[in-house]
Amino acid sequence: MTTKTSPRWRQAVVWLHVVSSVAWMSQALGLVVLMSLAASDPGQAVAATSMAQRIDTVLLAPMANAAAFTGLVLAGSTAWGYFRHWWVLAKFVLTFAQLYAGIFLLSGALHDSAAAARAGAADVVAWPQVAGTALMASVLAFQVWLSVAKPWKRTSWSSAAKPPTAPTWVFAAGVFTPLADVTISTFWGRPLPALSLVMLVVLGFEQRRRRRRARRPTDRSPRSVRAASSPTV
């Protein structure tokens, strides 16, 4: 079974993944600079922590969601898969770990630091926050290396047959879905990757359908093909 896929839409998803990933890493580096400034210069704490919180909410979170979503789309809709290669699996685990740490740890710490700075507290930023933002940028740089080098072999449980590529509409949705989520988040005032989550569920069902169709025997058996190819008497 072969599926016709537009290379332009697949390239568009790759482009969006690269752009959002670079934006995520550069904004993480920006947080390192701002939090270091707030920790070393109390006179700049209010401005630095307020800007860090603003970058995290308005820019970093949407770019992180877009980078994670497009990466999952590329893995789930192509022959790479989620668990066929160790380097893809490593990116998969690191991405979800960073999203969890960013949502439940870093964002809350940035909010508390900004509130403490506006309240006039003496120590508003702890150096572990600086180390956390630096670790985020370092892990993102390591993921970039994984994408370029593609190290290590395939996982031991991966099948020899490559899964078929998804149809064009999956890659088109991979472009428009994060853009729609960014637009909704802008009006909502906070990150809300609702459409991305729905699309990932749809992608999971579509991936199962492709695998079933790939394992399904053809309508004509090898015996009937040989009979049809032999000359008639």
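Above this text you will find the structure in question.
Rules used throughout
- Residues numbered from 1 in each chain as written.
- Predicted model: local features only at pLDDT ≥ 70, side-chain atom pairs only at ≥ 80, totals over all residues.
- Heavy atoms only, no water.
- Helix = DSSP H or I, 4+ residues; strand = E, 2+ residues; numbered from the N terminus.
- Phe/Tyr/Trp six-rings, centres within 6.5 Å; stacked < 30°, edge-to-face > 60°.
- Buried < 20%, exposed > 50% of the residue type's maximum accessible area, 1.4 Å probe, protein only.
- Core = buried A, V, L, I, M, F, W, Y, C linked by side-chain atoms within 4.5 Å.
- Expected span 1.5 Å × (residues − 1).
- Contact = heavy atoms within 4.5 Å.

What to know about unusual backbone geometry
Apart from glycine, the bulk of residues carry a negative phi angle, and the bulk of peptide bonds sit in the trans form.
So, point 1. Of note in the backbone geometry, K150 takes a positive phi value of approximately 50° without being a glycine.
So, point 2. Along the chain, K150 falls in the loop between α4 (127-149) and α5 (168-188).
So, point 3. A positive phi angle is found at W152, which is not glycine, with a value near 70°.
So, point 4. Relative to the assigned elements, W152 resides in the loop between α4 and α5.

Section: the packing of aromatic side chains
So, point 1. Scanning all chains against the criterion turns up nine aromatic pairs.
So, point 2. Ring centres 4.9 Å apart and planes at 40° place the aromatic pair Y100 and F104 in the tilted group. A residue pair is termed a helical-turn pair when its members lie 3 or 4 positions apart in one helix, as Y100 and F104 do in helix α3 (residues 86-118) at four residues.
So, point 3. A residue is classified by how much of its surface remains accessible, and Y100, at 52% relative accessible area, is exposed.
So, point 4. An aromatic cluster is built from Y82, F83, F92 and F96, whose rings are joined through pairwise contacts.

So, the nonpolar core
So, point 1. Residues W24, L31 and M136 are the most contacted members of the largest nonpolar core, which totals 24 residues.
So, point 2. Only α1 (7-40), α2 (45-77), α3 and α4 provide two or more residues apiece to this core.
So, point 3. Considering every element that reaches this core, the biggest residue donor is α2, with eight residues.
So, point 4. Listed in part, the 18 residues of the second largest apolar core include L72, V170, M199 and L203.

Some remarks on α4
So, point 1. If you check α4, its first and last C-alpha atoms are 33 Å apart, about what 23 residues at 1.5 Å a residue would give, namely 33 Å.
So, point 2. Along α4, the positions that sit buried rather than exposed are Q129, V130, T133, M136, A137, V139, L140, Q143 and L146.
So, point 3. Those residues of α4 that are buried lie in contact with α1, α2 and α3.
So, point 4. Backbone geometry just downstream of α4 places K150 in the positive-phi region, at approximately 50°.

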